[in-house]
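Survey of secondary and tertiary structure
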Amino acid sequence: MDLRTAASERDDLLRRRLGEIVPALMRRHDIEAWVIDAREYNEDPVARTMLPSTWLGTARRRTLLVFRDFGEQRGAISRYPVGTFPSVWDPTVEPDQWKALTWFLDGVTGSIGLNLSETFGLADGLTSTEHQALVGALDDHHVTSAENLAIGWLETRLPAEVEAMAEACRIAHGLLRRALSDEVIEPGRTSTEDVAWWLAQTTHDSGHGIWFHPGVTVQRRGDGTSSPADGILDRVIERGDLVHIDFGIVRNGYHTDQQQHAYVLGEGETAPLASLANGLTRANRLQDILMESMAPGRSGNETLATTREMAEAEGIRPVVYTHPIGLHGHAAGSTIGLWDNQVGVSGEGDYPLGLNTGWSIELAVEIDVAEWDAQEARIMLEENAFLGADGVRFLDGRQEQLWLIG
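Bear in mind that the values here come from a model prediction, so they are computed numbers and not experimental data. Residue positions are given per chain, counting from 1 as you read along its sequence in written order. Thresholds applied to this predicted model are a pLDDT of at least 70 for local features of residues and 80 or more for the giving and counting of side-chain atom pairs; totals over whole chains, interfaces and linings are not thresholded and use all residues. Values shown for side chains rest on all heavy atoms present in the structure; no hydrogens or waters enter the calculation.

Some words on the packing of helix H3 (residues 97-104) against helix H4 (residues 128-137)
Note on definitions: angles span 0 to 180 degrees between N-to-C directions of axes, and those axes are lines fitted to C-alpha atoms, for helices only across the stretch in contact. Each helix is a run of H or I in the DSSP string that is no shorter than four residues. Each strand is a run of E no shorter than two, and both are numbered from the N terminus. Contact pair H3 / H4: the axes reach a minimum separation of 10 Å and the direction vectors enclose 50 degrees. Taken together, the axis directions place H3 and H4 in an arrangement best described as oblique. You can see that H3 and H4 cross each other, and the crossing is right-handed. For the pair H3 and H4, the contacting residues are Trp98, Leu101 and Thr102 in the first and Glu130, Ala133, Leu134 and Ala137 in the second. Here the angle decides the label: under 35 degrees means roughly parallel, over 145 means roughly antiparallel, 65 to 115 means roughly perpendicular, and every other value means oblique. Note on convention: near helix rotated counterclockwise from far helix by under a right angle means a left-handed crossing. Clockwise means right-handed. Whether two residues touch is decided by their heavy atoms; if any such pair falls within 4.5 Å, the residues are in contact.

Observations concerning the pairing of strand E8 (residues 242-247)
Any residue under 20% of the maximum accessible area for its type is buried, any over 50% is exposed, and the rest in between are partly exposed; the area is computed with a 1.4 Å probe on protein chains only. Of all the 6 residues making up E8, 6 are buried; the element is thus mostly covered by neighbouring parts of the structure. Of the two faces of E8, both are covered, the one formed by Leu242, His244 and Asp246 as well as the one formed by Val243, Ile245 and Phe247. One requirement defines pairing of two strands: DSSP has to find at least two bridges between them. One ladder, built from 6 bridges, connects E8 with strand E11 (residues 258-264); its direction is antiparallel. Note that in E11 the partner of His244 across the bridge is His261.

Let's talk about the environment of Arg251
Inspection of the secondary structure puts Arg251 in strand E9 (residues 249-251). Linking Arg251 and His208, residues 43 residues apart in sequence, is a C-alpha distance of 5.6 Å.

A few points about the pattern of salt bridges
Salt bridges are defined by distance alone: a side-chain nitrogen of Lys or Arg within 4 Å of a carboxyl oxygen of Asp or Glu. Counted by the stated rule, this structure contains 24 salt bridges. A salt bridge links Arg17 to Glu161; the shortest N-O distance between them is 2.8 Å. Taken together, the residues span a long stretch of sequence, with Arg17 in helix H1 (residues 3-28) and Glu161 in helix H6 (residues 159-179) at a distance of 144 residues. Judged by relative accessible area, which is 1%, Glu161 ranks as buried. A salt bridge links Arg317 to Glu376; the shortest N-O distance between them is 3.1 Å. Residue Arg317 is located in the loop between helix H9 (300-313) and strand E12 (318-320), and its partner Glu376 is located in strand E15 (residues 375-388); the two are separated by 59 residues in the primary sequence. The class of Arg317 is partly exposed, set by a relative accessible area of 31%. Each of Asp12, Arg15 and Arg16 takes part in a single network of salt bridges with overlapping partners.

A short note on the side chain of Glu130
With respect to the helices and strands, the residue Glu130 is situated in helix H4. Residues contacting Glu130, with those up to four places away along its chain left out, are Asp37, Arg39, Arg62 and Trp98.

Side note on the nonpolar core
In this description, a nonpolar core means a group of buried Ala, Val, Leu, Ile, Met, Phe, Trp, Tyr and Cys residues linked to one another through side-chain atoms lying within 4.5 Å. In this structure, Trp34, Met50, Phe67 and Trp153 are the most contacted members of the largest nonpolar core, which totals 43 residues. Examining the composition of this core, we find that 7 residues originate from one element, H1, more than from any other. Beyond its immediate sequence surroundings of up to four residues, Met50 is in contact with Leu14, Leu18, Val22, Trp34, Ile36, Leu65, Phe67, Phe85 and Trp153. Core analysis: the next-biggest nonpolar cluster, separate from the first, contains 33 residues, Leu276, Ala283, Leu304 and Leu363 among them.

What about helix H7 (residues 192-205)?
The length a helix should cover is 1.5 Å for every residue beyond the first. End to end, H7 covers 20 Å across 14 residues, agreeing with the expected 20 Å (1.5 Å per residue, within 8%). Thr192, Val195, Ala196, Leu199, Ala200, Thr202 and Thr203 are the residues of H7 that are buried. In this structure, the buried residues of H7 make contact with H6, strand E6 (209-210), strand E7 (215-219), E8 and E9. Gly207 sits one or two positions beyond H7 and adopts a positive phi of about 90 degrees.

A few points about unusual backbone geometry
Of note, Leu56 is a non-glycine position whose phi angle comes to about 55 degrees, a positive value. Its location among the elements puts Leu56 in the loop between helix H2 (45-48) and strand E2 (62-68).

Notes on the packing of helix H8 (residues 274-293) against H9
Two numbers describe how H8 lies on H9: the axes approach to 9 Å, and their chain directions differ by 140 degrees. Comparing their axes, H9 and H8 come out oblique. In this structure, the crossing between H8 and H9 has a hand that is right-handed. Between H8, through Leu286, Ile289, Leu290, Glu292 and Ser293, and H9, the contact on the second element is made entirely by Thr303, Thr306, Thr307, Met310 and Ala311. Classifying every residue of the contact of H8 with H9 gives 5 nonpolar, 4 polar and 1 charged. Residue type decides the class: Asp, Glu, Lys and Arg count as charged, Ala, Val, Leu, Ile, Met, Phe, Trp, Tyr, Cys and Pro as nonpolar, and the leftover types, Gly among them, as polar.

Things to note about H1
For H1, with 26 residues, the first-to-last C-alpha span of 36 Å sits near the 38 Å given by 1.5 Å per residue. Two axes enter the definition of the bend at a residue: one is fitted to the seven residues ending there, the other to the seven starting there, and the bend is the angle between them. Where H1 bends most, the angle comes to about 25 degrees, and this point is Arg17. Of the positions making up H1, those classed as buried are Ala6, Ala7, Leu13, Leu14, Arg17, Leu18, Ile21, Val22, Pro23, Leu25 and Met26. The inward-facing, buried residues of H1 contact strand E1 (33-39), E2, strand E3 (73-77), helix H5 (147-155), H6 and strand E10 (254-255). If you check the start of H1, you find a side-chain oxygen 3.1 Å away from the backbone N of Arg4, and it comes from Asp2. Of the residues one or two after H1, Asp30 is the one with positive phi, at around 55 degrees. Here a polar contact is recorded for every N or O atom pair within 3.5 Å, except that within protein the pair must consist of a potential hydrogen donor and a potential acceptor, and residues adjacent in sequence are included only if both atoms are side-chain atoms.

Notes on the sheet that holds E10
Here 3 strands make up an open sheet; going across it, the order is E6-E9-E10 and the pairing antiparallel. The sheet terminates laterally at E6 and E10, the two strands that pair on one side only. Judged from the 2 bridges that link them, E9 and E10 form a sheet pairing that is antiparallel. From the neighbouring strand, Val250 faces E10, where its bridge partner is His255. Contacts from H6 reach E9 and E10, with the element oriented near 140 degrees to E9.

Here is the structure:
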């Protein structure tokens, strides 16, 4: 798709999101007006997602995006119109931008939401200086945190967005599958950083972006560790290694986050080690348990506890660290465990899972590899999914067998 067509489609989708999602959220949380303050090159994360495509995510001077009447009316206290936000400030009539804001909010008697949050960074985009100025300008109004509005706006997906996320997953899966193959990896010669840079370069050449440098690690007999992150970061891939990749792209503003494994066949081998293959099956089962436990309204901590209890009852040693995904990689919404916290996450984990939201089903199972003298290893998987009215489904399937190299 050419840039002009892509920009037009993104702006059309933004128009629909502003018209459908914002009013519903403002009525649900009883906030009559919402003021989003963005200063050039120091933009509120929410503001960046509301700017038209040709603005490239950057505000102009101070840009105030304002919703009133529970989202039914919107305007920009700015010298320029901002996409579908008409400019409602004429500096020749009222030079003071803050007074122009209070004029636009005249008649608002309910709560005015500002992006302030102790829990979520993505909902805490109002800087100290701007907060002080806004509170001074709105001192006759009831000001409250717009945390629920910000999170709801960022996490909620329309049907067209779900398909866009699925397409991004398909592209990322293709790149990931190539990286975990003989096309890229030659045992005894290719290093983990060679693979990481191949992924970064090939993604760039395909016209897409990455939001973190690909992570490529190996586990092998004699390592004595269950976490490849504890080992050498750049090592030559050898026969008998279990190769793991953590990789995510950005396509049309949507992020992916995926982790898969490949086994490098040893001399004379035609199949992966049985312990490793069984470990992947157990990791798939943990994915199933987690997704069955996820439901709108249930908190991340409740989901984590239920998942771990069910998994342990089946003899699985689980580590769950699942996060939302969409307009950001580690996106807005509830947290279901952290890799270093399996008892519940205060704040983020207490937040309820939302309907029509994207998720990165990220987890691991600990296993003992009989063929490696019972050495402990981890099978670490991550796939992107969508939580809708009919439950949770993967956007583009998952890995159910170890890829083979060599």
